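Each chain, written out:
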Amino acid sequence: MTTVASIAPAWATGVCAGLRAAGCRHVVYVPDNPLSHVLRVFEQEHRDVRLVLATREEEAFGIAAGLYLAGARPAVMLQSSGLGNSLNAITSLLLPYQIPTLMVISMRGDASEWNAAQVPMGRALPAILDAMGIPHLRVESAPQAEELVRQAAVTAFGTRTIGACLLARRMTSVRA
Amino acid sequence: MNRLEATRVLAASVGDAPIVASLGHPAYDLFAAGDRPQNFYTWGSMGVASSIGLGLAIGRPDLRVFVADGDGSLLMNLGSLATIGSTAPANLVLLVWDNAEYATTGGQPTATAGAADLAAAAAALGIASSVTVRDEAELRQAIGRAQAEPGPWMINAKVAESAPRAKPPLDCVFIKQRFMNAIGNPESATTGGAA
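Quantities reported herein were computed from a predicted structural model and do not represent experimental measurements. (Residues numbered from 1 in each chain as written. Chains lettered and ligands numbered in written order. Predicted model: local features only at pLDDT ≥ 70, side-chain atom pairs only at ≥ 80, totals over all residues. Heavy atoms only, no water.)

Student: Sorry, what's going on with the packing of helix 3 (residues 49-59) of chain B against helix 5 (residues 79-87) of chain B here?
Tutor: Two packed helices can be described by the angle between their axes and the distance between those axes. Residue and element names in this part refer to chain B. Close contact between helix 3 and helix 5 brings their axes to 10 Å; oriented N to C, the two are set at 20°. One finds that helix 3 runs roughly parallel with respect to helix 5. The crossing of helix 3 and helix 5 is left-handed. Only Ser-80, Thr-83, Ile-84 and Thr-87 of helix 5 make contact with helix 3, whose side of the interface consists of Ser-50, Ser-51 and Leu-54. Broken down by class, the residue content of the contact of helix 3 with helix 5 amounts to 2 nonpolar, 5 polar and no charged. (Axes fitted to C-alpha atoms, helices over the stretch in contact; angles between N-to-C directions. Helix = DSSP H or I, 4+ residues; strand = E, 2+ residues; numbered from the N terminus. Parallel < 35°, antiparallel > 145°, perpendicular 65-115°, else oblique. Left-handed = near helix turned anticlockwise from the far one by under 90°. Contact = heavy atoms within 4.5 Å. Nonpolar A, V, L, I, M, F, W, Y, C, P; charged D, E, K, R; others polar.)

Now the structure itself:
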């Protein structure tokens with residue numbers, strides 16, 4: 001029998017496994033093309049993970065904050081362009097209240113980008129995260145994905161900070 | 001009915017249930033109506049109080065979750081109404097203190113001073129139980145229904161400004177940890193944990 005996991009890109013199954021290993025059972029998201037693979041693995045292989053669709057990234061961070069208050073370990077999945085929509089909730093809610101969440105960011109604007117409108121935010125994103133003091137790491141290849149996501153989540157929830165995993169476009173834009 | 005009077009009706013009605021308050025005057029009036037650990041006062045993130053309430057309601061279906069929002073704040077995050085309408089948590093009650101002005105910033109009129117109708121917007125975006133109330137008796141009745149009947153509920157309360165004079169605690173982490181302890185989700189540092 002062909003399972004979803006066997007036809008999904010290996011990086012996507014790794015991201016799902018890393019989030020589950022870190023205890024994340026709630027994922028709030030705004031859709032993105034590569035992230036659709038992650039969503040499909042969750043929907044079809046891990047029904048214990050609740051997916052919550054938000055209309056806008058800032059809203060997603062608000063929902064994630066409420067989930068944390070409820071005792072959950074929330075993750076927020078977004079495209080890099082959506083970080084710009086998120087900054088007020090991040091800087092005036094999650095950071096000052098020390099509400100942790102793990103951001104899984106599908107990168108645009110890095111290697112293999114073809115759309116000029118995606119480039120400025122994609123290039124600025126690491127520096128913007130640095131300016132807010134948010135630790136981030138890049139996931140460049142599928143074999144790293146599970147462990148890097150798990151480690152980032154352990155640090156985020158253990159130290160009550162936001163953590164960010166940046167999914168490199170050269171990984172997500174190539175089918176496994 | 002001014003916003004403080006409306007907030008007192010809410011606080012007197014909800015027992016131990018959590019209340020998430022939008023920044024500025026809604027939070028100040030919630031504090032003035034009676035500080036309690038189950039109050040989550042926001043100090044920033046204008047617009048996302050309803051989103052915080054939604055996440056809390058999803059994560060704790062055993063609690064009835066109340067949000068004290070403002071018209072100006074909700075107008076900043078109208079998509080939240082669509083998300084609440086489509087996820088439809090039965091235990092979420094979104095109250096909007098609609099004074100038709102940005103009172104915290106000096107009284108500039110909001111869109112509800114004109115044609116905008118937030119209860120109609122909530123109904124159109126899938127929150128079937130959406131009502132507008134204009135006095136304390138109507139508000140008390142609506143909150144009673146929202147506690148007895150499945151939600152999500154949106155109660156748009158037309159209020160006058162109330163010029164609050166007191167502010168909630170300033171320490172955000174204190175607000176969070178006190179709140180999480182009160183609703184039974186203590187963070188490990190406030191309780192100790194396994195070695």
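Student: Where do I start with the environment of Leu-95 of chain A in this structure?
Tutor: All names here are of chain A. Of note, Leu-95 is situated in the loop between helix 5 (87-94) and strand 4 (101-106). The class for Leu-95 is partly exposed, based on a relative accessible area of 28%. C-alpha separation for the pair Leu-95 and Thr-161, spaced 66 residues apart in sequence, amounts to 7.1 Å. Setting aside its immediate chain neighbours within four residues, Leu-95 contacts Ile-90, Met-132, Ile-134 and Ile-162. (Buried < 20%, exposed > 50% of the residue type's maximum accessible area, 1.4 Å probe, protein only.)

Student: Whenever I open this one, the pairing of strand 4 of chain A confuses me. Can you help?
Tutor: Every other side chain in a regular strand lies on the same face of the sheet, so the side chains alternate between the two faces. Residue and element names in this part refer to chain A. By the criterion of burial, strand 4 is predominantly enclosed, with 6 of the 6 residues buried. The alternating pattern of strand 4 places Thr-101, Met-103 and Ile-105 on one face and Leu-102, Val-104 and Ser-106 on the opposite face, and all of these are buried. Bridge count between strand 3 (residues 74-79) and strand 4: 5 bridges; the pairing is parallel. Residue Ala-75 lies in a different strand from strand 4, and its bridge partner there is Leu-102. Across 6 bridges, the pairing between strand 4 and strand 6 (residues 162-167) is parallel. Across the sheet, the residue bridging to Ile-105 is Leu-166, located in strand 6. (Pairing = 2+ DSSP bridges.)

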